[in-house]
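This is what each chain is made of:
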Amino acid sequence: MRDARWEHFPHEADMGVRGVGATIEQAFEQAALAMIAVITDPEKIAASEAAEIACRAPDDELLFVDWLNALIYEMAIRKLLFGRFEVHIDAHCLTARAWGEPLNPEKHQPAVEIKGATYTALRVARDPIGEWVAQCVVDV
Amino acid sequence: MDISLFSRHTEYEWEIAPHGTMRVPAIIYADETLIHGMDHKVYEQLCNVATLPGIVKASCAMPDAHWGYGFPIGGVAAFDADEGGVVSAGGVGFDISCGVRCLHTGLTVEDVMPVQKALADTLYKEIPAGLGSTGAIRLDREEMDAMLAGGAHWAVEQGWGTAADLERIEEHGRMRGAHPDCVSEHAKTRQRDEMGTLGSGNHYLEVQKVAAVYDAAAAEVFGLRENSVVVSMHCGSRGLGHQIGTEFLKKMVVAAVHHGIALPDRELACAPVNSEIGEAYLGAMRAGINCALANRQILTHLTRAAFAKVLPRAHLPLLYDVSHNTCKVERHVVDDRSRELYVHRKGATRAFGPGHPDIPPALRAVGQPVLIGGSMGTSSYILAGTAAGETLAFSSACHGAGRAMSRHQAFRRWKGRQVIDELAARGILIRSPSSRGVAEEAPGAYKDVSAVVDAADAAGLARKVARVEPLICIKG
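Residues numbered from 1 in each chain as written. Chains lettered and ligands numbered in written order. Predicted model: local features only at pLDDT ≥ 70, side-chain atom pairs only at ≥ 80, totals over all residues. Heavy atoms only, no water.

Things to note about the overall build of chain A
Helix and strand content of chain A: three helices and eight strands. Along chain A, helices and strands appear, N-terminal first, in the series β-β-α-β-α-β-β-α-β-β-β. On C-alpha atoms alone, chain A measures out to a radius of gyration of 14 Å, which is about the 14 Å that the 2.2 N^0.38 rule sets for 140 residues. For chain A, the C-alpha atoms occupy an extent of roughly 45 × 35 × 30 Å along the three principal directions. Residues classed as buried in chain A amount to 66% of the 140 residues present. Taking the intrachain contacts of chain A between residues at least 6 apart in sequence as the baseline, contacts between residues at least 24 apart amount to 63%. For chain A, the accessible surface area stands at approximately 5,300 Å², while carbon and sulfur atoms represent 48% of it. Charged side chains in chain A number 13 positive and 23 negative. The centres of these two groups are separated by 2 Å. (Helix = DSSP H or I, 4+ residues; strand = E, 2+ residues; numbered from the N terminus. Rg over C-alpha atoms; globule rule 2.2 N^0.38 Å. Buried < 20%, exposed > 50% of the residue type's maximum accessible area, 1.4 Å probe, protein only. Contact = heavy atoms within 4.5 Å. Areas by Shrake-Rupley, 256 points an atom, 1.4 Å probe, with all protein chains shown as cover. Lys, Arg positive; Asp, Glu negative; His and termini not counted. Charge placed at Lys NZ, Arg CZ, Asp CG, Glu CD.)

Next comes the structure, spelled out in structure tokens:
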């Protein structure tokens, strides 16, 4: 099995974000990095502040969109960018910690603001080789 | 898209016959080249919309249709509440009441060019743009609710504009039926310091010159002459609208089963108009419309302040303000019967024809102004609603160019600095906090807006009045 990783996939107007990992938690963490990479290079973000995130949903796919939307909300109201994530999931119930730093337009050169995570191309599943994939399109 | 999937009614009207669980046909208004260029997802999404309860006449797509969320962007669909019709959070989208406002300036190109750079710099200083930018206005709980109920009316009461502005805004600047108490605390918190901000992505504020006039009589009524200068802004309801969209999308997905609605795509999340959640969404979504109208009103005030510093003799009254992500209750004649319908326009502009009572009296004989935004380096267009449009797609027209390539591809192909320099060589000044943002919004990343507008004109959805070209672009 390969290392946990993230990637973007094309959507005509916006951007698809995908996380892949050995566990569903890793897939969620990697997808969050993919979402941050829509805005800026995640490696440019220092981990000077932390936030606790919790969400609950009827299934893993809705939980995944809730997770990304919770991050979008926290970043919007706290005017910061997250660059590191630690996720725990138990029975469609997510608790997580996210680390980041205040948004600095000069340093981060943010390309775009993310309006919300969508149910388009939404998928949370284990593929045939046993890797977890979590993906959806984000509206920018 | 495969043209053989359609039956061709006219050169610009293409129908997909109902099949499967579709309740009505789907119709695309476009020419053959535009249809060829559309993603197959547009076909799927149009057909999916046609399956929703209470849909009337047809699921429609404008010439700029592209792959959206649930609904195609450029999608129009109307629902009859008395026949179980739905309201869809996905059918309005995340940026509730995103739209375009156009201001006259009373100036010509010759007036502006000697101070073009100073004007660009001053506008960039006055207009908060880009991710994380904040406005100078902070609203407490009571003021937030007053803004959500009052829209541009509220903004004018605060001193950001004049009563004359309100006449030139859809709904006269205030969407009725807004319920601030249906808007969550999260949504209000997300908006607390975003009043009077432009946002990012494809949002912009441009100083433009009228480059061509196609209908001299209509242009005269609209106050447009070749070489005159206007200001156009494209933005929406900011964080508040995004949060309302996010929250109701989930609520509607979860509730769909209880309402007996089988969603072919979760993003089509909807609820019966006559349901608790449907009514709550309408109350919140209308508050979101008011937020967008208030936001564009504050940005208008900031624009006027910037012009006053550089070109004090400029006078900036509104030409018009349109929203292209909405659901509105309107009367339309279907099957020879006037019916009250919930018309969803997702990336589509309302385009009432001549004589419609909702058009300001001074413009009524011509038809509603339809403001179509281009990309940074390209033309934008001003059209007018037509009588024919009423019988086509519930008096709707296109809203913009649509992307031709993804942000990722654009970022790989262009550098922000290169785009800014190339446009400067053509006399267009760009001001933006983000070089990467400019690269992703490069003019070449968008489709040809002229082809879209020509198709809208030829199809009869709206008629071309004037073309404008940018002189200055403030980009988020």
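Focus on the pattern of salt bridges
All names here are of chain B. Considering all chains together, one arrives at 43 salt bridges over all chains under this definition. One salt bridge connects Glu-171 with Arg-350, and the closest N-O pair in it is separated by 3.2 Å. Taken as a pair, Glu-171 in the loop between α6 (163-167) and α7 (185-191) and Arg-350 in strand β14 (residues 349-350) lie far apart in primary sequence, 179 residues in all. The partner of Arg-403 in a salt bridge is Glu-441, and the shortest N-O contact between them spans 3.5 Å. Here Arg-403, found in the loop between β17 (396-397) and α12 (407-413), pairs with Glu-441, found in the loop between α14 (435-440) and α15 (449-459); they are 38 residues apart in sequence, far enough to count as distant. Where salt bridges share partners, they join Glu-170, Glu-171, Lys-328, Glu-330, Arg-345 and Arg-350 into one cluster. (Salt bridge = Lys/Arg side-chain N within 4 Å of Asp/Glu carboxyl O.)

Here we look at the packing of aromatic side chains
All names here are of chain A. A full pass over the atoms with the stated rule returns nine aromatic pairs over all chains. Ring centres of Trp-67 and Phe-85 lie 5.9 Å apart, and the angle between their planes is 85°; on these two criteria the pair is classed as edge-to-face. Taken together, the residues span a long stretch of sequence, with Trp-67 in helix α2 (residues 60-78) and Phe-85 in strand β4 (residues 80-90) at a distance of 18 residues. Of the residues examined, Trp-67 reaches a relative accessible area of 0% and is grouped as buried. (Phe/Tyr/Trp six-rings, centres within 6.5 Å; stacked < 30°, edge-to-face > 60°.)

Considerations on the state of the cysteines
Residues and elements named next belong to chain B. For the structure shown, the criterion picks out zero disulfides over all chains. Looking at the unpaired Cys-98, the closest cysteine sulfur is the one in Cys-235, lying at 7.1 Å. What makes Cys-98 buried here is its relative accessible area of 5%. Among the cysteines around Cys-398, which has no disulfide bond, Cys-60 carries the closest sulfur, lying 14 Å off. (Disulfide = S-S within 2.5 Å.)

Notes on the packing of α2(A) against helix α9 (residues 238-256) of chain B
The interhelical angle for the contact between α2(A) and α9(B), taken along N-to-C directions, is 165°, at an axis separation of 11 Å. As judged from the angle between their axes, α2(A) and α9(B) are roughly antiparallel. Two packed elements cross with a definite hand, and for α2(A) against α9(B) that hand is left-handed. Contacts between α2(A) and α9(B) involve A:Leu62, A:Asp66, A:Asn69 and A:Tyr73 on the former and, on the latter, B:Gln243, B:Thr246, B:Lys250, B:Val253 and B:Val254. (Axes fitted to C-alpha atoms, helices over the stretch in contact; angles between N-to-C directions. Parallel < 35°, antiparallel > 145°, perpendicular 65-115°, else oblique. Left-handed = near helix turned anticlockwise from the far one by under 90°.)

Thoughts on the sheet that holds strand β3 (residues 49-56) of chain A
Residue and element names in this part refer to chain A. Spatially, the three strands line up as an open sheet ordered β3-β5-β4, and their pairing is antiparallel. Strands with a single pairing partner mark the edges of an open sheet, and in this sheet they are β3 and β4. Taken pair by pair, the neighbouring strands of this sheet meet at an average axis angle of 20°, ignoring direction. Looking at chain direction, β4 and strand β5 (residues 93-102) are connected through ten bridges and run antiparallel. Note on β5: the bridge partner recorded for His-88 is Thr-95. Against the sheet, α2 contacts β3, β4 and β5, and its axis sits at roughly 145° relative to β3. (Pairing = 2+ DSSP bridges.)

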